[in-house]
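# Per-entry structural report
One letter stands for each residue in the lines below.
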Amino acid sequence: MPPTDKTTPQATHRATHKTAASSTSRRRRTLRREVPSTVGLLADAEDFAAMCGYRSFTFDHHAEYPDYLRHVDGLLRSLAAQGIHTTVALFDPEEYAVFCEEHGLDPDTAETRTRFTAELAGCGGALPYTGQPIGELLPLLVDEAVRQATWEYATTLLAEVGSCADCGEDIGRASFERAADALKRLVEGAGPGHHHLVCSVPTEEDQLVAVLHADATGDPDAPPRVEGRDGLDFVTVLAAGIALGGPGGLVLRSTTEGFRDRVHGWRLDRGRLVPLSAASVFNAYCTDADTGDPIAPEPGVEYCPGYEVDEPHPHH
């Protein structure tokens, strides 16, 4: 009969091997929590249908988009439960096809989709997953993608506008500096409170829109508080409008405790921010942009003229 003593060399070897394997597994799990993940999310049913055309895709054409969203939601929750930091980015099938063509990759493989998704994390149009439901995350992600695309396009316009024929100055750089100075004057002129600014610039290919929220105390030594990179995005779009010299508009709404909300407006004209009259601001705010029909004025809002925020005689 074979020995049953647990302290035999064979038993000791098995116990040591089991302990080492357990330690290795534990270390790998710990390391896995320190490796970030990126999840590509399809924005709508049309994009989902496009990806279902690949045989290697997890879902087929019989699946429904809401079912896909439920599975992605479960995946995100599972990763979060393991302590893994996850970034979510929009997966655009058209961009994916271009990516595969440029790199000579087979689009109908999980490996290629993984490579494309990994590169999305570095493109700037992604958001960290913080446990929010997929229904809340998706519109935030779409907004982030639009914001990133707007900034990239505005940056391209500034880079391509060229130099001044008279003095050789880079018009894009000069316009950016003027836009940054104009933003400073806009917030200073509005005084203390919460300020909501919207800048809109039509271009040949797209309508550039930037939104900025700034909180100011009125203390000249304390700069206004602006969330994230909103200031950079806003200045870049405004600079594009200045550089192009075409039409555009800017609206500022201020909320200060103890006072009615105030709305000011400006129009872009040949590279300058021209203050609007109170009547023009009222008409702009109280007219339906799509139909042209009048809209009832909002109660508790004062429609005010714009104020001077541009340089008196800008070179460009």
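This is a predicted model, so every value here is computed, not measured.

Criteria and thresholds
Residues numbered from 1 in each chain as written. Predicted model: local features only at pLDDT ≥ 70, side-chain atom pairs only at ≥ 80, totals over all residues. Heavy atoms only, no water. Core = buried A, V, L, I, M, F, W, Y, C linked by side-chain atoms within 4.5 Å. Buried < 20%, exposed > 50% of the residue type's maximum accessible area, 1.4 Å probe, protein only. Helix = DSSP H or I, 4+ residues; strand = E, 2+ residues; numbered from the N terminus. Contact = heavy atoms within 4.5 Å. Arc of directions from axis to C-beta. Polar contact = N/O pair within 3.5 Å; in protein donor to acceptor, adjacent residues only side chain to side chain.

This part takes up the nonpolar core. One broad trend across soluble globular proteins is that nonpolar side chains are buried collectively. Membership of the largest hydrophobic core comes to 35 residues, with the highest contact counts inside it found for L197, L208, F234, L238, L250, W266 and L273. Those elements that place two or more of their residues in this core are α6 (134-160), α7 (171-190), β4 (193-202), β5 (207-216), α8 (230-244), β7 (248-255) and β8 (261-269). Those residues in contact with F234 that sit more than four places away from it in its chain are L183, L197, V198, C199, A210, V211, L212 and L250. Membership of the second largest hydrophobic core comes to 33 residues, among which are A126, Y129, I134 and L137.

This part is about the side chain of T87. In this fold, T87 is placed in strand β2 (residues 86-90). By relative accessible area, which is 17% here, T87 ends up buried. Sequence-distant contacts of T87, that is, excluding residues within four places in its chain, are made with S37, T38, V39, A126, L127 and P128.

A few words on unusual backbone geometry. For R270, which is not a glycine, the phi torsion comes out positive at approximately 50°. Along the polypeptide, R270 turns up in the loop between β8 and β9 (272-275). The class for R270 is exposed, based on a relative accessible area of 68%.

When we look at burial in helix α4 (residues 93-103), the residues that qualify are P93, Y96, F99 and C100. Each buried residue of α4 sits inside an arc of 115° when the element is viewed along its axis, so together they form one side. In α4, the exposed positions that point more than 90 degrees away from the buried face belong to E94, E101 and E102. Against the buried residues of α4 lie α2 (45-51) and α5 (110-120). At the N-terminal boundary of α4, the capping side chain belongs to D92, with an oxygen 2.8 Å from the backbone nitrogen of E94. Among the residues trailing α4, G104 stands out with phi positive, at a value near 65°.

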